[in-house]
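Chains, contacts and geometry: an overview
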Amino acid sequence: MTSSTAADLPLPGWAYVPGEPADSEPDHETLGHAKALVPAQFFGFVPTRHPALRYGMALNDAGYFWESQQVLEAVWAAAPQGGRERILLRACIQVANANLKLRMRKPNAAARLWGEALAEINDLLSRRSAAGGDGFADRFQAASLVKLLKTRLAQPTLSKADWIALGSIT
């Protein structure tokens, strides 16, 4: 695929949910196109507008939580070791995984994952950002995600409707 933007990438044919028989296998072909856009390694930072990153975030926001994790994990693997983007990507992966757990009716697992994501974001916020940087972690509104995670974690019960969108936070 020669596509270079997230908008050019199609959504998968279905949202994969482990344990559900409807479409028992993930749409690996569609996800492969996005993963092919990820370089072997990002140098310095992960650009906010990288198409695979944007696509991974868009997948989450469209309800393709498992697929979002897969694409974001590919971006995470190429992110600079010890970098701020790697921390933020890990938190976003945990949010997508928590969203998936809600869909699977496992609210306790979702809350645990959101707690882990919150710890990652707090770690991110404790590290200095580059002034005016173009990296994902420089542009992401981490404080907004902290507030949203704390709000969700304070709820006495969680349902499938409590999932968290990530695209509007960036």
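In case you missed it, the structure is sitting above this.
Here we summarise the structure given alongside this text. Here the structure is a predicted model, which is why all the values come from computation and not from measurement. (Residues numbered from 1 in each chain as written. Predicted model: local features only at pLDDT ≥ 70, side-chain atom pairs only at ≥ 80, totals over all residues. Heavy atoms only, no water.)

1. Notes on the overall build of the chain
Put simply, the rule reads: Only runs of H or I of at least four residues qualify as helices and only runs of E of at least two qualify as strands under DSSP, and these elements are numbered from the N terminus. Computation of the radius of gyration draws on C-alpha atoms, with the globule rule given as 2.2 Å multiplied by the number of residues to the power 0.38. Here a residue-residue contact requires only that any non-hydrogen atoms of the pair lie within 4.5 Å. Exposure was quantified through the Shrake-Rupley algorithm and a 1.4 Å probe, taking into account, for residues, occlusion by the shown protein chains and nothing else. Positive residues here are Lys and Arg, negative ones are Asp and Glu, while His and the chain termini are left out of the count. To locate a charge, take atom NZ for lysine, CZ for arginine, CG for aspartate or CD for glutamate.
Across its full length, the chain holds 7 helices and 0 strands. Against the globule reference of 15 Å for 170 residues, the chain gives a C-alpha radius of gyration of 15 Å, in line with a compact fold. Structurally, the chain occupies a C-alpha span of about 45 × 40 × 25 Å along its principal axes. Counting only contacts in the chain whose residues sit at least 6 apart along the sequence, the fraction spanning at least 24 positions is 66%. Total accessible area computed for the chain in this model is approximately 8,200 Å², and 52% of it derives from carbon and sulfur atoms. The averaged location of the 16 negative side-chain charges in the chain is 8 Å from the averaged location of its 18 positive side-chain charges.

2. Quick look at the pattern of salt bridges
Quick note on the threshold: Salt bridges, as used here, are contacts in which a Lys or Arg side-chain nitrogen is within 4 Å of a carboxyl oxygen on Asp or Glu. With a 1.4 Å probe rolled over the protein chains alone, any residue whose accessible area is under 20% of its type maximum counts as buried; one over 50% counts as exposed, and the rest are partly exposed.
Scanning the entire structure with this criterion turns up 5 salt bridges. Among the ionic pairs, R90 bridges to E120, the shortest N-O distance being 2.9 Å. Of the two residues, R90 is situated in helix α4 (residues 84-103) and E120 in helix α5 (residues 107-125); the sequence distance between them amounts to 30 residues. With relative accessibility at 30%, the residue R90 sits in the partly exposed group.

3. Some remarks on helix α7 (residues 142-154)
Spacing of three or four residues puts side chains on the same side of an α-helix, whose turn is 3.6 residues. To be explicit about the condition: A helix's residues, less one, multiplied by 1.5 Å, set its expected span.
Helix length check: α7 (13 residues) gives 18 Å between terminal C-alpha atoms against 18 Å at 1.5 Å per residue, within 8%. As for α7, its buried residues are in contact with α4 and α5.

4. Some points on unusual backbone geometry
Within the chain, R105 stands out as a residue other than glycine whose phi angle is a positive 65 degrees. The exposure class of R105 is exposed, given its relative accessible area of 62%.

5. A few points about α4
Counted at 1.5 Å a residue, the expected span for α4 with its 20 residues is 28 Å, and the 29 Å between its end C-alpha atoms agrees. Where α4 ends, the next residue or the one after it, R105, has phi of about 65 degrees, a positive value.

6. Some remarks on the packing of aromatic side chains
Cut-off, in case you're wondering: Ring pairs shown here join Phe, Tyr and Trp side chains whose ring centres sit within 6.5 Å, with only the six-membered ring taken for Trp; geometry is labelled stacked below 30 degrees between planes, edge-to-face above 60, and tilted in between.
Applying the stated criterion to the full structure yields 3 aromatic pairs. Centre to centre, the rings of F65 and W163 are 5.3 Å apart; their planes meet at 55 degrees, and the pair counts as tilted. Here the residue F65 occupies a position in helix α3 (residues 65-78), and W163 occupies one in the segment after α7, the gap between them amounting to 98 residues. Both rings, one in F136 and one in F140, keep their centres 5.5 Å apart while their planes meet at 65 degrees; by these two values the pair is edge-to-face.

7. Focus on the packing of α3 against α4
This is how the line gets drawn: Fitted lines through C-alpha atoms serve as axes, helices being fitted only where they are in contact, and the angles separating the N-to-C directions of these axes extend from 0 to 180 degrees. Should an angle fall under 35 degrees it is taken as roughly parallel, and over 145 as roughly antiparallel, whereas 65 to 115 is taken as roughly perpendicular and any remaining angle as oblique. Handedness of a crossing follows from how the near helix is turned relative to the far one, being left-handed for an anticlockwise turn of less than a right angle and right-handed for a clockwise one. We call Asp, Glu, Lys and Arg charged. Ala, Val, Leu, Ile, Met, Phe, Trp, Tyr, Cys and Pro are nonpolar, and the rest, Gly among them, are polar.
Remark: α3 packs on α4, axes separated minimally by 9 Å, with the N-to-C direction vectors making an angle of 165 degrees. Classed by the angle they form, the pair α3 and α4 counts as roughly antiparallel. When the axes of α3 and α4 are compared, the crossing they make is left-handed. Across the interface between the two elements, F65, W66, S68, Q69, L72, E73, V75, W76 and A77 of α3 pack against R86, L89, R90, C92, I93, A96, N97, N99, L100 and R103 of α4. Grouping the constituent residues of the contact of α3 with α4 by class yields 11 nonpolar, 4 polar and 4 charged.

8. Examining the environment of R139
Using the following cut-off: Here a polar contact is taken to be a pair of N or O atoms separated by no more than 3.5 Å, where protein atoms must pair a possible hydrogen donor with a possible acceptor and residues adjacent in sequence count only if both atoms sit in side chains.
Mapped onto the elements, R139 comes out in helix α6 (residues 136-139). Along the sequence, R139 and T48 sit 91 residues apart, while their C-alpha atoms lie 6.9 Å from each other. Within polar-contact distance, the side chain of R139 engages the side chain of D134 at 2.6 Å.

9. Section: the environment of N122
Summarising the element assignment, N122 is placed in helix α5. Residue N122 is classed as partly exposed on the basis of its relative accessible area of 38%. In this structure, the C-alpha to C-alpha distance between N122 and A110, residues 12 residues apart in sequence, is 18 Å.

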